[in-house]
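An overview of the molecular structure
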Amino acid sequence: MMTQLLPATEENIRLGGQLIARGQLVGFPTETVYGLGANALDEKAVRGIFAAKGRPADNPLIVHVAHASQADDLCHVTPLGRKLMDAFWPGPLTLLMPKKPIIPDVTCAGLASVGVRCPDHPVALRLIRAAGVPVAAPSANTSGKPSPTRARHVYEDMQNRIPLILDGGDCQVGVESTVLDITGDVPVILRPGKVTREEIAQIAGDCRVADSVMRPLREGEHAPSPGMKHRHYAPEGKMTIVQGKDEEKVVQRLKDMYDANENACILCHSRHLHAFEGRMVRDLGDSPESTAQVLFAALRDMNDLKVRRILCQGWDTGGVGLAVMNRMARAAAFDIVEV
Ligand code: TXA
Ligand code: MG
């Protein structure tokens, strides 16, 4: 199948909507990462998503809607769910709620809940409206690779597998949505994202973070969110995170590790770039937010450049730092050095 990579014009979005309505797959931008969309109510189309990504069938998909009112068709929305939608939709928050039978079991990997999200991106919203159906969409990467934040990344992973990719430019947030389970008494973050625990607690009164967010799953442990048990974001080179309060020490350790390895690259905060002159280095920006925007693209670059040793400066886990550190830690297989 020939893959067309087209600018997200009105006409091309309409074409994308028609393809989805006919059971095909379309790559499209959201504010977080690019998604691989299909009709969430069409079992065969949804199976096509799993096949194109090489995704394990036990990992459920998020269903995207163009408006909060569309969620009522798909799941049982509680008063808390309503409040969170009012506060954060459209936006990077996925809510897990008890699913209605209209959604085929394949979409939710047989679970009783469905993740629903209304993305804050004009192209995504227009595409969902044009399709006229709720759109199931995981990140548009090959399973295991970093999520795509540029249309080019989608093309690299999905060429010849899907008919159309809509290019809407670079994603603003850069890490995937916060996944929040609101089926219990207290909301629980299963995957941290741009919408933080602190922000959710302000609306919900309370909010917990699943304790598996910042550690590897134990042997035989049940994954709260199936996506967390599979190896994620893994670059081909070996990655280590270096962190600590004393930034001079962090910089020194990064230098020492760099000099002890061949084919290494340092990923650091902008203000330390000058310290690594003469060494191979990439800029992660000067805040967790700016690191979130560039992290996945940087990890893909490491593969393209055949870097064997990736030495990455970490962030504190407050606010969006938790989402960034969660992705970095998984990419590094939890190899974190505290100095
Ligand atoms: O920002 C995003 O969420 C992007 C864009 C495209 O919207 N989508 C995305 O989808 O990241 P995906 O499939 O790559 O990640 C969805 C995560 C997985 O970890 C999955 O296990 C979890 O959400 N998830 C989805 N439905 C779930 C459910 N019913 N119960 C538990 N976890 C669920
Ligand atoms: Mg994904």
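Our subject is the structure that appears above.
Presented here is an overview of the structure given in this document. (Residues numbered from 1 in each chain as written. Chains lettered and ligands numbered in written order. Predicted model: local features only at pLDDT ≥ 70, side-chain atom pairs only at ≥ 80, totals over all residues. Heavy atoms only, no water.)

1. A closer look at the site of ligand 1
- Within the structure, ligand 1 sits among 23 residues, and Thr32, Asn59, His64, Ser177 and Gly227 are positioned closest to it.
- Taken together, the elements giving at least two residues each to the shell around ligand 1 come down to β4 (62-64) and β6 (113-117).
- Its residues assigned to classes, the shell around ligand 1 shows ten nonpolar, nine polar and four charged. (Near = heavy atom within 4 Å. Helix = DSSP H or I, 4+ residues; strand = E, 2+ residues; numbered from the N terminus. Nonpolar A, V, L, I, M, F, W, Y, C, P; charged D, E, K, R; others polar.)

2. Things to note about the environment of Gly132
- Position of Gly132 relative to the elements: it lies in the loop between α4 (122-131) and β7 (135-136).
- A relative accessible area of 57% places Gly132 in the exposed class.
- Placed 93 residues apart in sequence, Gly132 and Asn39 show a C-alpha to C-alpha distance of 9.0 Å. (Buried < 20%, exposed > 50% of the residue type's maximum accessible area, 1.4 Å probe, protein only.)

3. Section: the pattern of salt bridges
- Counted according to the given criterion, the structure contains 17 salt bridges.
- Linking Arg126 and Glu10 is a salt bridge whose minimum nitrogen-to-oxygen distance equals 3.6 Å. Remark: Glu10 occurs in helix α1 (residues 10-21) and Arg126 occurs in helix α4; sequence separation between them is 116 residues.
- Among the residues examined, Arg126 registers a relative accessible area of 35% and is labelled partly exposed.
- According to the relative accessible area criterion, Glu10 is partly exposed, its value standing at 47%.
- Across the salt bridge formed by Glu43 and Arg47, the nearest N and O atoms sit 2.8 Å from each other. Placement of both Glu43 and Arg47 in helix α2 (residues 43-53) is noted, with a separation of four residues, approximately one turn of the helix.
- Residue class for Glu43 comes out partly exposed when judged on its relative accessible area of 41%. (Salt bridge = Lys/Arg side-chain N within 4 Å of Asp/Glu carboxyl O.)

4. Looking at the pairing of strand β3 (residues 35-39)
- The element β3 is extensively covered by neighbouring structure, given that five of its five residues are classed as buried.
- As paired strands, strand β2 (residues 26-28) and β3 are joined by three bridges and run antiparallel to one another. Note on β3: the bridge partner recorded for Gly27 is Leu36.
- Joining the antiparallel neighbours β2 and β3 is a turn of six residues.
- With two bridges joining them, β3 and β7 adopt antiparallel strand pairing. Residue pairing across strands places Asn39 opposite Val135, the latter belonging to β7. (Pairing = 2+ DSSP bridges.)

5. Examining the sheet that holds strand β12 (residues 238-243)
- The sheet built from five strands is open, its strands ordered β14-β13-β15-β12-β16 with parallel pairing. Each of the sheet's edge strands pairs with one partner strand only, and the pair in question is β14 (281-283) and β16 (336-338). Across the sheet, the mean angle from the axis of one strand to that of its neighbour is 20°, orientation sign disregarded.
- With four bridges connecting them, strand β13 (residues 264-268) and strand β15 (residues 309-313) associate as parallel partners. Within β15, the position partnered with Leu267 by the bridge is Cys312. (Axes fitted to C-alpha atoms, helices over the stretch in contact; angles between N-to-C directions.)

Function cannot be inferred from these measures alone, as they are strictly geometric.
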